[in-house]
Amino acid sequence: MKYHQINSALFVKNRRKFMAEMKPNSVAVFNSNDIYPVSADSTLPFAQHRDIFYLSGVDQEESVLLLFPDAPYEHQREILFLRETNEHIAVWEGEKLTKERAFQVSGIRTVYWLQDFHKVLNEMMTYADTMYINTNEHYRATVETETREARFVKWWKERYPAHNVAKSNPILQRLRSVKESEEIDLIQHACDITEKGFRRLLSFVKPNVTEYEIEAELAHEFIRNRSKGFAYTPIIASGNNANVLHYIENNQQCKEGDLILLDVAAEYANYSSDMTRTIPVSGRFSDRQKAVYNAVLRVKNEATKMLTPGTLWKQYHVEVGKIMTSELLGLGLIDKADVQNENPEWPAYKKYFMHGTSHHLGLDTHDYGLLHEPMKANMVFTVEPGIYIPAEKFGIRLEDNVVVQEKGEPFNLMRNIPIEVDEIETLMNE
Ligand SMILES: [Mn+2]
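Residues numbered from 1 in each chain as written. Predicted model: local features only at pLDDT ≥ 70, side-chain atom pairs only at ≥ 80, totals over all residues. Heavy atoms only, no water.

As recorded by an unreviewed UniProt entry, the protein chain carries the name Xaa-Pro aminopeptidase and is attributed to Flavobacterium nitrogenifigens. One UniProt comment on the protein chain, placed under Cofactor (unreviewed entry), says "Mn(2+)". Database annotation for the protein chain, UniProt heading Catalytic activity (unreviewed entry): "Release of any N-terminal amino acid, including proline, that is linked to proline, even from a dipeptide or tripeptide." (UniProt positions renumbered as here; feature names shortened; annotations may be inferred.)

This is the structure:
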């Protein structure tokens, strides 16, 4: 791991919160992700399942966490199962968690090797009435591959058909959406690394630079700051590429006079940041580009103010739509007749701004959070309006990450990342 070890107190707290929501006499189990194969003996880099990470800090494959708050013996309330390691195995496979290190990372005292899992689980199941299975109910998830978690759930339910089944997911969605201060610090750290990458670009971008050279600059800056790299596949879209919302080819040359839409951000310790900036290839915005840019910026700033406790997701998007509508009228992109005749299901503004304004941010870039429940303090959201104009061959999106506060406006974790036109132009021309 490149990141500095997280204080285990965070994971102790997270488990306590989860266990407080469990029914009496129930067991919950959480699995690591698999290491995904490519072909032959090649694999993709390991990416930990965020739920077991959230509850234990264990960032290693073939790990299982078992929680049983009403277990008859105290040492059975929290149990970790890890792939066996010893000095000999370490020589071949690199350093894996020892039982002692696993305690330091997670705060869990009872650690077994994985080969004891079925035996120990069986004992716990004879005491327990209910099993908490962990299914993926994220509103944007479409998963074809069977995860290690899903494989385990299938086996577990079949092996113990007499137990009641309960869902871990809604508990985790609620808990993970409201961040502890340690988590906000980690997201801030990811944002600060993103800031370094972005500042590096402002002096690097010139006419005829390629999108992939920009990607390389960012990767360099992120990794040298202990990030694994991009928190999500980076979008580096010059000119009309910005109007392809999920453009990830990043293989074109940036032409003088064009804008570059950069949806690029670092992860740190498995926490995401998520930034979008739009900058001029030549270091100066045209008057038209500036007018659209400042319209997007005003929508972002107004939308941000609405992210307060009690706000409802649907209503928030309706209100942002109204602000965007008035900006698009001002820019002459739509007219009053378009608005009067608009289809309420697909309002006129959607022609230029067709995606959502915000999403939860945290261990996943599109993080957990139940969208039908009101917003709460310490939720972290992106705010990312955009205006996309294929007819003018540019698109602009601006995105910051903010923390909902108990009182007053949200706290902007990207407050130090240049966004005003003047500041961007000054830095690009230094
Ligand atoms: Mn985003």
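Read on for the rest.
### Thoughts on the UniProt feature "domain: Aminopeptidase P N-terminal" (unreviewed entry) in the protein chain
This chain's UniProt record puts "domain: Aminopeptidase P N-terminal" (unreviewed entry) on residues 6-142. Between the end C-alpha atoms of residues 6-142 there is a gap of 31 Å, over a span that is 33% helix and 17% strand. (Helix = DSSP H or I, 4+ residues; strand = E, 2+ residues; numbered from the N terminus.)

### Considerations on the sheet that holds strand β15 (residues 400-403)
Ordered in space as β12-β15-β16, the three strands form an open sheet in which the pairing is antiparallel. The outermost strands of the open sheet, each flanked by one partner alone, are β12 (380-383) and β16 (411-412). Two elements, β15 and β16, share two bridges in a ladder whose sense is antiparallel. Bridging from a neighbouring strand, Val403 pairs with Phe411 of β16. The sheet strands contacting helix α10 (residues 287-305) are β12, β15 and β16, and the helix crosses β12 at an angle near 155 degrees. (Pairing = 2+ DSSP bridges. Contact = heavy atoms within 4.5 Å. Axes fitted to C-alpha atoms, helices over the stretch in contact; angles between N-to-C directions.)

### Focus: the sheet that holds strand β8 (residues 259-263)
The strand order across the open sheet built from three strands is β7-β8-β11, with neighbouring strands paired in antiparallel fashion. Two strands in the sheet have a free side with no partner beyond their single neighbour: β7 (235-238) and β11 (276-280). Each strand axis lies, on average, 15 degrees off the axis of its neighbour in the sheet, ignoring direction. Relative to β7, helix α9 (residues 211-223) is tilted by about 145 degrees, and along the sheet it contacts β7 and β8.

### Focus: the nonpolar core
Residues Phe18, Ile214 and Ile387 are the most contacted members of the largest nonpolar core, which totals 103 residues. Top element by residues in this core is helix α8 (residues 181-204). It accounts for nine residues. Two domains share this core, each providing at least three of its residues, namely domain 1 (9-176) and domain 2 (181-428). Within the second largest apolar cluster, 21 residues are counted, among which are Ala71, Ile79, Ile133 and Tyr160. (Core = buried A, V, L, I, M, F, W, Y, C linked by side-chain atoms within 4.5 Å. Buried < 20%, exposed > 50% of the residue type's maximum accessible area, 1.4 Å probe, protein only. Domains from an automatic or database assignment.)

### Let's talk about the packing of helix α1 (residues 9-20) against helix α7 (residues 169-177)
Interaxial distance between α1 and α7 falls to 10 Å at its minimum, and their mutual angle equals 135 degrees. Considering their axes alone, α1 and α7 lie oblique with respect to each other. Seen from above, α1 lies across α7 with right-handed handedness. When α1 is examined against α7, the residues Asn14, Lys17 and Phe18 are found in contact with a partner set consisting of Ile171, Leu172 and Leu175. (Parallel < 35°, antiparallel > 145°, perpendicular 65-115°, else oblique. Left-handed = near helix turned anticlockwise from the far one by under 90°.)

### A few points about the coordination of the manganese ion
Distances from the manganese ion to its protein donors, namely Asp274 (OD), His359 (NE2), Glu384 (OE) and Glu399 (OE), fall within the range 2.1 to 2.4 Å. Coordination of the manganese ion draws on donor residues from a single chain, spaced D-x84-H-x24-E-x14-E in sequence. Residue His359 is located in the loop between α12 (336-340) and β12, and its partner Glu384 is located in the loop between β12 and β13 (386-389); the two are separated by 25 residues in the primary sequence. Residue class for His359 comes out buried when judged on its relative accessible area of 3%. Among the residues examined, Glu384 registers a relative accessible area of 10% and is labelled buried. (Donors = N, O, S within 2.8 Å, 3.2 Å for Na, K, Ca; no water.)

### Description of unusual backbone geometry
Here the phi dihedral of Arg226 falls at roughly 70 degrees; this positive angle occurs in a residue that is not glycine. Positionally, Arg226 belongs in the loop between α9 and β7. In this structure Arg226 comes out as partly exposed when scored by relative accessible area, which is 40%. Non-glycine residue Asn270 carries a positive phi angle of around 75 degrees. Within the secondary structure layout, Asn270 lies in the loop between β9 (267-268) and β10 (271-272).

### As for the environment of Glu195
Mapped onto the elements, Glu195 comes out in helix α8. For the pair Glu195 and His138, spaced 57 residues apart in sequence, the C-alpha to C-alpha distance is 29 Å. Other than its neighbours up to four places away in sequence, Glu195 contacts Asn416 and Ile417.

### Some thoughts on helix α4 (residues 99-106)
The set of residues buried in α4 consists of Ala102, Val105 and Ser106. End-on view of α4: buried residues confined to an arc of 75 degrees, all on one side of the axis. Where α4 is buried, its residues touch α1, α2 (50-56), β3 (78-82) and β4 (110-113). Gly107 occupies a position one or two residues after α4 and carries a positive phi of about 80 degrees. (Arc of directions from axis to C-beta.)

### Focus: the pattern of salt bridges
Scanning all chains against the criterion turns up 29 salt bridges. Where Glu180 meets Lys17, a salt bridge forms, and the shortest distance between an N and an O atom there is 2.6 Å. Here Glu180 is found in the loop between α7 and α8, whereas its partner Lys17 is found in helix α1, with 163 residues between them in sequence. In this structure, the salt-bridge partner of Lys179 is Asp367, at a minimum N-O distance of 2.7 Å. Linking Lys179 in the loop between α7 and α8 with Asp367 in the loop between α12 and β12, this pair joins segments that are 188 residues apart in sequence. The residues Lys179 and Asp367 share a single accessibility class, namely buried. Overlapping salt bridges, with partners in common, bring together Asp51, Arg176, Lys179, Asp364 and Asp367 in one network. (Salt bridge = Lys/Arg side-chain N within 4 Å of Asp/Glu carboxyl O.)

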